[in-house]
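# Remarks on the overall topology
What follows is each chain in one-letter form.
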Amino acid sequence: MSSGTTPEPSAEPVAPLRVTVGGSAGTAPYEVLIGRQLLGELPSLIGTAQRVAVLHPEALAETGQALREDLAAQGYQAITVEVPNAEDAKQAEVAAYCWSALGQTGFTRSDVVVGVGGGATTDLAGFVAATWLRGVRWIAVPTTVLGMVDAAVGGKTGINTAEGKNLVGAFHPPAGVLCDLAALDSLPVNDYVSGLAEVIKAGFIADPEILRLVESDPEAARTPAGPHTAELIERSIRVKAEVVSEDLRESGRREILNYGHTLAHAIEKNERYRWRHGAAVSVGMVFAAELGRIAGRLDEATAARHREVLASVGLPVTYRGDQWPRLLETMRVDKKTRGDLLRFIVLDGLARPTVLEGPDPAALLAAHAEIAD
C-alpha cells in the first residue's frame, strides 16, 4: 500500500462513472464511483450519521486529517484513527485499537466508518465496521489500483493471523466506494504496477479486452498517465461487481476471483508480507496457468500469454524454488481448501475459469518447477 494525495478542486467537474454492485444474501446494493475530485460525494453516502471515523494509514496522515476537517466543517463529529501502513494494519491488536477509538467516541449503529488508503486499510476498516456493534455502515475510499479494483469492492473484510492471510474476517459490503483516480497520480511505480496484477487477472478470467489494452502498450499501462487507465480500472471493477452481485459469500461463482491467489497467499506469508500482494498474485497466476496446462485444461499459448503479459509490465513471474515444501504446507490451511483437498482456480480457456480440486501432487510439483527461479 502506498500514499495518495488530497485532490485539488476541479474547475470543470466531470460526472463520475457509476458501477452498481447488486445486493445478494440480503444485502443492499451500492455504487462504485470512478472519476476525479470525488470527495464531494462523501456526504451523500454518510447521510444522517452524526459521527464519522476516518481510518487511514500513517502514510496518509495528512489526507486523513484534511478529510476529518472537511467533514467537521459540514457538521459531522469526525475523528481520525491512524493505523500502521500496509499489511501491518491487518492485525487483531490494530482492530482492537480501532474498536477502542469507536467506543471512546460513543459510536452507535447509525454512525459511519470511512476507510481511506490501500487494500489493507480498507480490509481493516470494513472488518472493524463489520464487528463493531455487530455491524455499522462503512465507506471505502481506496487510493491504490489494488484497492480500487479488488479490495474495496465486494464486501470481503478481514485481518491476518500467524497461520495465514485473511483467515479472520466477515462479509460486510460497504455503503459505497469512491475511486478517485487523482490519488493514483502520486503512487510509486512499484505500487501502481502491483495493482495491475489484479487488473490482468480480470482479463484472464472474464474480460480479454483488458489484456488487449495492456498488450497494446505495456509501458503506458505501467503509469496512471496512460491512455487506458480509467478504462482498465472500470473494466476490472465491472468484472468484480458482476461476480459478487451474483455470489456475495463465495459459495459458488465468486471463487473465480481467487485465480492465482492460493499460491499468492502462501508466498505472502512465507515472505512475512514484505512482498506486495500484486507481485505474489502475478506469480500465483503463472503457477495456476501452468497447473491448468499440465492438467490438460489450458492450451499452451494461453498459458504462455500469462508469463508474457505480466512480465511486460514489470511483474514477477518466478519465485524461490527451494520454498515449495513451505508453500505447500501453507496452502493446505488456505480458506479455499476443503478438508484435505487443495482447490485451485484454473482456466479451461481464456475467460473460462473453473475449479480444479485435489490435483495430482506430481502436477503441483511440475507446475511449481515452471515458476522456480
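Residues numbered from 1 in each chain as written. Predicted model: local features only at pLDDT ≥ 70, side-chain atom pairs only at ≥ 80, totals over all residues. Heavy atoms only, no water.

By the naming in an unreviewed UniProt entry, the protein goes by 3-dehydroquinate synthase and is assigned to Streptomyces sedi. In its Sequence similarities (unreviewed entry) section, the UniProt record describing the protein reads: "Belongs to the sugar phosphate cyclases superfamily. Dehydroquinate synthase family." According to the UniProt record, the Subcellular location (unreviewed entry) comment for the protein is "Cytoplasm". (UniProt positions renumbered as here; feature names shortened; annotations may be inferred.)

## Re the packing of helix α10 (residues 261–270) against helix α13 (residues 324–331)
In contact at an axis separation of 9 Å, α10 and α13 are set at 115° when each is read in the N-to-C sense. The two elements α10 and α13 meet at a crossing, and its hand is right-handed. Mapping the contact onto sequence places T262, L263, A266, I267, K269 and N270 in α10 and W324, R326, L327, T330 and M331 in α13. (Axes fitted to C-alpha atoms, helices over the stretch in contact; angles between N-to-C directions. Helix = DSSP H or I, 4+ residues; strand = E, 2+ residues; numbered from the N terminus. Left-handed = near helix turned anticlockwise from the far one by under 90°. Contact = heavy atoms within 4.5 Å.)

## Here we look at the domain arrangement of the protein
Here the protein is described as being made up of domain 1 (17–186) and domain 2 (189–371). The centre of domain 1, based on its C-alpha atoms, is set 26 Å off from the matching centre of domain 2. Listed per partner, the contact involves 37 residues of domain 1 and 30 residues of domain 2. The interface formed by domain 1 and domain 2 contains two salt bridges. A salt bridge links E268 to K165, with the nearest nitrogen and oxygen atoms 2.7 Å apart. At the boundary of domain 1 with domain 2, the tally comes to seven residue pairs in polar contact (both at pLDDT 80 or more). Only β1 (17–21), β2 (30–35), α5 (145–151), β7 (156–161) and β8 (164–171) provide two or more residues apiece to the side of domain 1 that touches domain 2. A total of six residues in the side of domain 1 that touches domain 2 trace back to one element, the largest contributor, which is α5. (Domains from an automatic or database assignment. Salt bridge = Lys/Arg side-chain N within 4 Å of Asp/Glu carboxyl O. Polar contact = N/O pair within 3.5 Å; in protein donor to acceptor, adjacent residues only side chain to side chain.)

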